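# Coordinates in review
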Amino acid sequence: MALSSKGTALITGASSGIGAVYADRLARQGYDLILVARSQAKLNALANHLSNETGRVVEVVAADLKDKADVLRVEAILRSDARITLLVNNAGVGAVMPLLASPVDDMEGIRIQAVLPGATATDFWSEAGNPVENLPQEIVMSAEDMVDAALVGLASGEVVTLPGLHDGDQWDAYEVQRQALSGLFGNSTAAPRYR
Ligand SMILES: NC(=O)c1ccc[n+]([C@@H]2O[C@H](COP(=O)([O-])OP(=O)(O)OC[C@H]3O[C@@H](n4cnc5c(N)ncnc54)[C@H](OP(=O)(O)O)[C@@H]3O)[C@@H](O)[C@H]2O)c1
């Protein structure tokens, strides 16, 4: 029996790798899906598979997020589709909506989580010219384990999630140091090393 819907998750870069695992996990958690990537054929195959497996509504949008017109098309969906409750902006690092153009009222109850994966076993590596098999396997996490950890971080309210960092105190210490450093930026003279 299908779970009651948690709304719709729009996932960019959803046709393979990390995005496809997010699609699988979120459908199983009760989200309907809008899957975005360039390959219509891959998106259709995944959508059919996930809707058969989970009973969720899965729609696809073929879009190249390097193409401005396609970015605007996805932006329009995000602006107008009130079913969307979650954006997994997984394809690259570009924002699909300028932050300063967003009405403050519409931004409230929004939560942002930055997921910082280490090396993750996907096609990303072979496409970059160095297959993941060439890396020391002790630093490579499966996409399934990475996404499962990220979703635990999301559920626990984390803003920054580092799935591979075992000692979370190290991140907390880094954050304390980063904030202390930001208090030292203001100075009427440039540092001697820049003179
Ligand atoms: N794997 C890692 O070790 C690792 C580590 C840190 C961060 N990341 C980040 O994680 C994210 C996902 O990477 P991945 O490892 O899952 O890579 P992947 O397996 O190569 O998957 C990339 C996904 O993005 C889609 N895509 C690529 N270019 C696109 C474009 N111009 N417009 C729309 N969709 C596009 C691809 O589908 P189509 O080809 O059909 O468009 C595919 O669904 C990336 O932002 C990457 O920088 C990965």
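Scroll up to find the structure.
First, a word on scope: everything that follows refers to the structure included in this document. (Residues numbered from 1 in each chain as written. Predicted model: local features only at pLDDT ≥ 70, side-chain atom pairs only at ≥ 80, totals over all residues. Heavy atoms only, no water.)

### Some thoughts on the packing of aromatic side chains
The relative placement of two aromatic rings is captured by the distance of their centres and the angle of their planes. Put simply, the test is: Each Phe, Tyr or Trp ring, with Trp reduced to its six-membered ring, pairs with another whose centre is within 6.5 Å; inter-plane angles below 30 degrees give stacked pairs, above 60 give edge-to-face pairs, and intermediate values give tilted ones. Between buried and exposed lies partly exposed: a residue is buried under 20% and exposed over 50% of the maximum accessible area for its type, with that area taken using a 1.4 Å probe on protein chains only. Secondary structure is summarised from DSSP: a helix means a run of H or I of at least four residues, a strand means a run of E of at least two, and numbering begins at the N terminus for each.
Within this structure, the stated rule accounts for two aromatic pairs. Both rings, one in F124 and one in W125, keep their centres 5.7 Å apart while their planes meet at 75 degrees; by these two values the pair is edge-to-face. The class of F124 is exposed, set by a relative accessible area of 58%. Measuring from centroid to centroid gives 5.1 Å for W171 and Y174, while their planes differ by 35 degrees, and the two rings are tilted. On the criterion of helical spacing, the pair formed by W171 and Y174 is a turn pair, its members being three residues apart in helix α7 (residues 168-182).

### Observations concerning the packing of helix α1 (residues 17-29) against helix α2 (residues 40-54)
Worth spelling out the cut-off: Whenever a helix is involved, its axis is fitted only over the stretch in contact; in every case the axis is a line through C-alpha atoms, and angles between N-to-C directions fall within 0 to 180 degrees. Any angle that is under 35 degrees is reported as roughly parallel, and any over 145 degrees as roughly antiparallel; angles of 65 to 115 degrees are reported as roughly perpendicular and all others as oblique. Helix crossings are classified by the rotation of the near helix relative to the far one: an anticlockwise turn of less than a right angle makes the crossing left-handed, while a clockwise turn makes it right-handed. Contact criterion: two residues are considered in contact whenever any of their non-hydrogen atoms come within 4.5 Å of each other. In the scheme used here, Gly and all other residues not listed as nonpolar or charged are polar, with Ala, Val, Leu, Ile, Met, Phe, Trp, Tyr, Cys and Pro taken as nonpolar and Asp, Glu, Lys and Arg as charged.
The contact between α1 and α2 brings their axes to 10 Å, and the two run at 25 degrees. Judged on the interaxial angle alone, α2 and α1 are roughly parallel. For the pair α1 and α2, the crossing hand works out as right-handed. Packed against α1, whose contacting residues are A20, A23, D24, A27 and R28, the element α2 presents L46, L50, E53 and T54 at the interface. A breakdown of the residues in the contact of α1 with α2 according to their chemical character gives five nonpolar, one polar and three charged.

### Some thoughts on helix α6 (residues 143-155)
Convention followed: Expected span, for any helix, means 1.5 Å times one less than how many residues it has. Arc, as used here, means the arc of the directions from the helix axis to the C-beta atoms.
Counted at 1.5 Å a residue, the expected span for α6 with its 13 residues is 18 Å, and the 18 Å between its end C-alpha atoms agrees. Taken together, the buried positions of α6 are A143, M146, V147, A150, L151 and G153. Down the axis of α6, the smallest arc covering the buried residues is 155 degrees, so these residues share one side. Counted as exposed and oriented over 90 degrees from the buried face of α6: V152 and A155. G157, located one to two residues past α6, shows a positive phi value of around 85 degrees.

### Regarding the layout of surface pockets
As a reminder of what qualifies: In this analysis a 1.4 Å probe is tested at points of a 1 Å grid over the protein atoms alone, and where it fits but cannot get out there is a cavity; an open set with protein on both sides within 12 Å along at least five of seven lines is a pocket; lining residues have an atom within 4 Å of a point. Grid points are joined across faces, edges and corners, and a volume is the space filled by probe spheres set on the points.
As a volume, the second largest pocket reaches approximately 170 Å³. Around the second largest pocket sit A149, G153, E158, V160, T161, L162, P163, L165, G168, W171 and D172, which together line it. The element that contributes the greatest number of residues to the lining of the second largest pocket is α7, accounting for three residues.

### Quick look at the environment of S16
Looking at the secondary structure, you find S16 in the loop between β1 (8-12) and α1. For the pair S16 and I110, spaced 94 residues apart in sequence, the C-alpha separation works out to 26 Å.

### With respect to a nonpolar patch on the surface
Put simply, the test is: Put simply, a patch holds well-exposed residues, over 30% relative accessible area, that have no salt bridge, with like charges counted together within 9 Å and Val, Leu, Ile, Met, Phe, Trp or Tyr side chains within 5 Å. Working definition of accessibility: Shrake-Rupley area with a 1.4 Å probe, residue cover restricted to the visible protein chains. We count a salt bridge whenever a side-chain nitrogen from Lys or Arg sits within 4 Å of a carboxyl oxygen from Asp or Glu.
Taken together, the side chains of L181, L184 and F185 make up a nonpolar region of the molecular surface, amounting to roughly 370 Å² of accessible area. Assignment of secondary structure puts L184 in the segment after α7.

### Some words on the nonpolar core
Formally: Nine residue types can take part in a nonpolar core, namely buried Ala, Val, Leu, Ile, Met, Phe, Trp, Tyr and Cys, and a core is a set of them joined through side-chain atoms within 4.5 Å.
Formed by 26 residues in total, the largest nonpolar core has its most connected members in I11, Y22, A23, L26, L33, L35 and V147. The set of elements that each furnish at least two residues to this core consists of β1, α1, β2 (32-37), α2, β4 (84-89) and α6. Setting aside chain neighbours within four positions, we find L35 in contact with I11, A14, A23, L43, L46, A47, V58, E59, V60 and V61. Counting seven residues, the second largest nonpolar core, distinct from the first, contains V61, A63, V74 and I84.

Bear in mind that shape data such as this cannot, by itself, settle questions of function.
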